[in-house]
Structures are given as structure tokens and as C-alpha cells.
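# Structural overview for review
So the chains spell out like this:
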Amino acid sequence: MAEIHEFTAKYEIAGLKILMTTYFDRTRELAKDYLAKTEWDEPDIEIIFDSNYYEENKSEFPQGATYEDMEYVYTGEYFHRLLLGYEGLMLHSSAVVVDGYAYLFSADSGMGKSTHTNLWLEKFGDKAFVINDDKPAIRKIDGQWYVYGTPWCGKHNTNKNAKAKLGAIVFLERSEKNWIEPENVKDAIPKFFKQTTRKLTLEEYMDKALSNMEEVLSETPLYKMGCDISKEAADIAYETIRRV
């Protein structure tokens with residue numbers, strides 16, 4: 001088992017003040033770029049589990065999962081639940097930023113989200129960056145939807161403590177040909193729901209998640225896309241969904 005070192009610190013994630021306790025290296029290292037740069041007393045969100053919490057809940061994880069893995073998952077899930085109360089949610093997606101807009105590509109694991117956003121990095125070079133490769137946060141502030149990096153960023157650990165306007169949400173599927181077309185809200189709802197609702201079992205969380213989801217889907221350009229791993233896929237996507 002990884003050595004336990006209790007560490008409580010103030011963070012600023014998705015525009016919110018977070019007080020979080022970590023015991024293991026993975027979450028603490030990924031969160032270090034989000035350490036608070038301003039002084040404040042009262043947090044918006046507290047993520048504080050007792051050191052025995054992971055031992056008591058290990059039956060919920062596959063055999064062989066480490067406490068370090070469990071802490072990473074639990075802290076992210078807890079942040080997501082409380083984020084709902086701040087007109088926000090997290091979407092399992094890879095989010096790439098170009099010219100101040102974040103474009104979210106969402107799909108099941110292994111469907112090529114990271115591969116596709118890496119094509120955007122090849123296309124745009126220093127003009128583009130991946131703000132989060134797994135669970136970006138989305139929040140509505142003063143009538144505008146924004147995308148934020150978070151420490152919960154998947155197996156590639158790709159994230160950036162940054163903020164960008166939400167440009168579009170694209171639901172990916174594999175295809176031998178590259179194509180993209182608008183998606184309607186009705187068809188997008190189950191796709192979005194599948195990629196955002198893990199562990200939202202309490203009615204109050206589910207109701208808020210559904211409300212936030214309906215709002216963001218109604219106010220954001222939506223697309224579905226079939227793509228391969230060619231550079232043409234990035235070209236077609238960008239020319240269709242770009243906001244500038």
C-alpha cells in the first residue's frame with residue numbers, strides 16, 4: 001500500500017474555492033497546479049474523507065484497486081456532486097481549446113476521444129491545448145457556459161488549470177469515413193446522461209444533474225461525428241464546429 005501522508009490545502013477549481021484533504025500522491029500531484037493563489041477563509045466545497053474511508057469502502061472497487069486509485073475516483077466524484085449546485089457538471093470527454101473556445105468530444109472509453117483531440121494539436125500546434133482529457137468541468141457563469149480543467153483527467157494525466165468558453169459538444173463514434181452533422185437535443189440527452197451520471201444516486205443530485213444537462217444541451221451547439229484517425233478528421237470537425 002502507498003504510504004499515507006495527510007495533506008489539507010486550499011484549491012481553486014472551476015472557479016470555486018475548494019478545501020481538500022489527500023493522503024496519497026496521485027490526486028495531490030495532479031491537484032498541485034490548482035492550489036489557491038488568493039486568500040480566502042470559507043470554501044465553496046469541502047472534500048475531506050477520513051483516512052479510514054477507503055478501507056471501509058474498498059468493496060465498491062475491483063479487486064486489486066489501490067487506496068491511491070480509490071482516493072482519485074472518490075474525490076472526483078464528490079467534487080462532481082457538489083459542482084451541480086453551482087450550475088455545473090462534469091462530462092466524460094476530451095476537451096481541446098482553440099482560439100478561446102473549448103470543444104468537447106465525448107464517447108465511451110476506448111472510442112478515440114484522445115486520439116481525435118491529439119489530431120487538433122497536430123493541426124494547430126501552439127494555438128491549441130487539451131484543457132482536460134477525461135473529465136472537464138462545465139459551468140454557467142453570467143449566462144455563458146465555460147469549460148475548466150480539473151485534476152481528474154484520466155489515464156494520460158492531461159489537464160491544464162485554465163478556462164475557455166464552451167464552443168460545442170460532439171458525440172463521437174467510430175467510422176471508416178469522416179462525417180459530422182448536427183445533433184438534436186432529444187437524441188443528445190441519453191448520450192450526455194451516460195457520460196456524466198456515475199454515482200449520482202441521491203434524488204437531489206440526479207434532479208440537479210438533469211436540470212443542468214437540459215440547460216447546457218439546449219444552449220450549446222451539438223454534433224455527432226464518425227471519424228477515423230486521419231488528419232482529415234480534425235479538418236472536417238474544425239471547419240464544421242468552429243466558433244470564430
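What counts and how
- Residues numbered from 1 in each chain as written.
- Predicted model: local features only at pLDDT ≥ 70, side-chain atom pairs only at ≥ 80, totals over all residues.
- Heavy atoms only, no water.
- Helix = DSSP H or I, 4+ residues; strand = E, 2+ residues; numbered from the N terminus.
- Buried < 20%, exposed > 50% of the residue type's maximum accessible area, 1.4 Å probe, protein only.
- Contact = heavy atoms within 4.5 Å.
- Pairing = 2+ DSSP bridges.
- Axes fitted to C-alpha atoms, helices over the stretch in contact; angles between N-to-C directions.
- Phe/Tyr/Trp six-rings, centres within 6.5 Å; stacked < 30°, edge-to-face > 60°.
- Salt bridge = Lys/Arg side-chain N within 4 Å of Asp/Glu carboxyl O.
- 1 Å grid on protein atoms, 1.4 Å probe; cavity = no way out; pocket = protein on both sides within 12 Å on 5 of 7 lines; lining within 4 Å.
- Points joined across faces, edges and corners; volume = space filled by probe spheres on them.
- Nonpolar A, V, L, I, M, F, W, Y, C, P; charged D, E, K, R; others polar.
- Expected span 1.5 Å × (residues − 1).

## What to know about the overall build of the protein
Scanning the protein from N- to C-terminus turns up seven helices and 12 strands. Its C-alpha atoms give the protein principal-axis dimensions of about 50 × 40 × 35 Å. For the protein, with 244 residues in total, the buried portion stands at 48%. Long-range pairs, those at least 24 residues apart, make up 68% of the contacts in the protein between residues at least 6 apart in sequence.

## Points about the sheet that holds strand S1 (residues 7–13)
Strand order in the open sheet made by the three strands is S1-S2-S3, with mixed pairing throughout. Looking at strand neighbours, the two that pair on one side only are S1 and strand S3 (45–47), the edges of this open sheet. Taken pair by pair, the neighbouring strands of this sheet meet at an average axis angle of 20 degrees, ignoring direction.

## Some words on the packing of aromatic side chains
What the rule picks out here adds up to 16 aromatic pairs. A centroid spacing of 5.4 Å and a plane angle of 40 degrees characterise the contact between Tyr-103 and Trp-120, whose relative ring orientation is tilted. Of the two residues, Tyr-103 sits in strand S6 (residues 101–106) while Trp-120 sits in helix H4 (residues 113–124), which places them 17 residues apart along the sequence. On the accessibility criterion, Tyr-103 (0% relative accessible area) is buried. Judged by relative accessible area, which is 0%, Trp-120 ranks as buried. Centroid distance Trp-120 to Phe-124: 6.0 Å. Interplanar angle 45 degrees. Geometry classified as tilted. With Trp-120 and Phe-124 both in helix H4 and four residues apart, the pair spans about one turn of that helix. Taken as a pair, Trp-120 and Phe-124 share a single burial class, namely buried. The rings of Phe-24, Phe-49, Tyr-53, Tyr-54, Phe-61, Tyr-67, Tyr-74 and Tyr-78 are connected pair by pair, giving a single aromatic cluster.

## Some remarks on the pattern of salt bridges
All chains considered together, the criterion is met by 14 salt bridges. Across the pair Asp-235 and Lys-123 runs a salt bridge, and its minimum N-O distance is 2.7 Å. In this pair, Asp-235 sits in helix H7 (residues 231–241) while Lys-123 sits in helix H4, placing the two residues 112 residues apart along the sequence. Note that Glu-219 and Lys-140 form a salt bridge whose closest N and O atoms lie 3.1 Å from each other. Taken as a pair, Glu-219 in the loop between helix H6 (203–218) and strand S12 (222–227) and Lys-140 in strand S8 (residues 137–141) lie far apart in primary sequence, 79 residues in all. For Glu-219, a relative accessible area of 42% corresponds to the partly exposed category.

## Topic: the pairing of S1
Summarising the sheet, S1 and strand S2 (residues 16–22) pair through seven bridges and their orientation is antiparallel. Pairing of Phe-7 across the sheet is with Thr-22, part of S2. Between the end of S1 and the start of S2, which pair antiparallel, lie two residues, with Ala-14 showing a positive phi angle near 55 degrees.

## Section: the layout of surface pockets
Looking at the largest pocket, its volume works out to about 740 Å³. Lining the largest pocket are 31 residues, and of these His-92, Ser-109, Asp-134, Lys-135 and Gly-154 sit closest to its centre. Those elements that place two or more of their residues in the lining of the largest pocket are helix H3 (67–83) and H4. Broken down by element, the residue count for the lining of the largest pocket peaks at five residues, all from H3. Broken down by class, the residue content of the lining of the largest pocket amounts to nine nonpolar, 13 polar and nine charged.

## Remarks on unusual backbone geometry
Residues other than glycine seldom take positive phi values, yet Asp-142 does so here, at roughly 50 degrees. Structurally, Asp-142 is set in the loop between S8 and strand S9 (144–148). Notably, Asn-157 is not glycine yet its phi reads approximately 55 degrees, a positive angle. Relative to the helices and strands, Asn-157 resides in the loop between S9 and strand S10 (163–174). You can call Asn-157 partly exposed: its relative accessible area is 41%.

## What about H3?
Given 3.6 residues per turn, any residue in an α-helix points the same way as the ones three and four places further on. With 17 residues, H3 should cover 24 Å at 1.5 Å per step; its first-to-last C-alpha distance of 24 Å lies within 8% of that length. Within H3, 12 of the 17 residues are buried, leaving the element largely enclosed by the surrounding structure.

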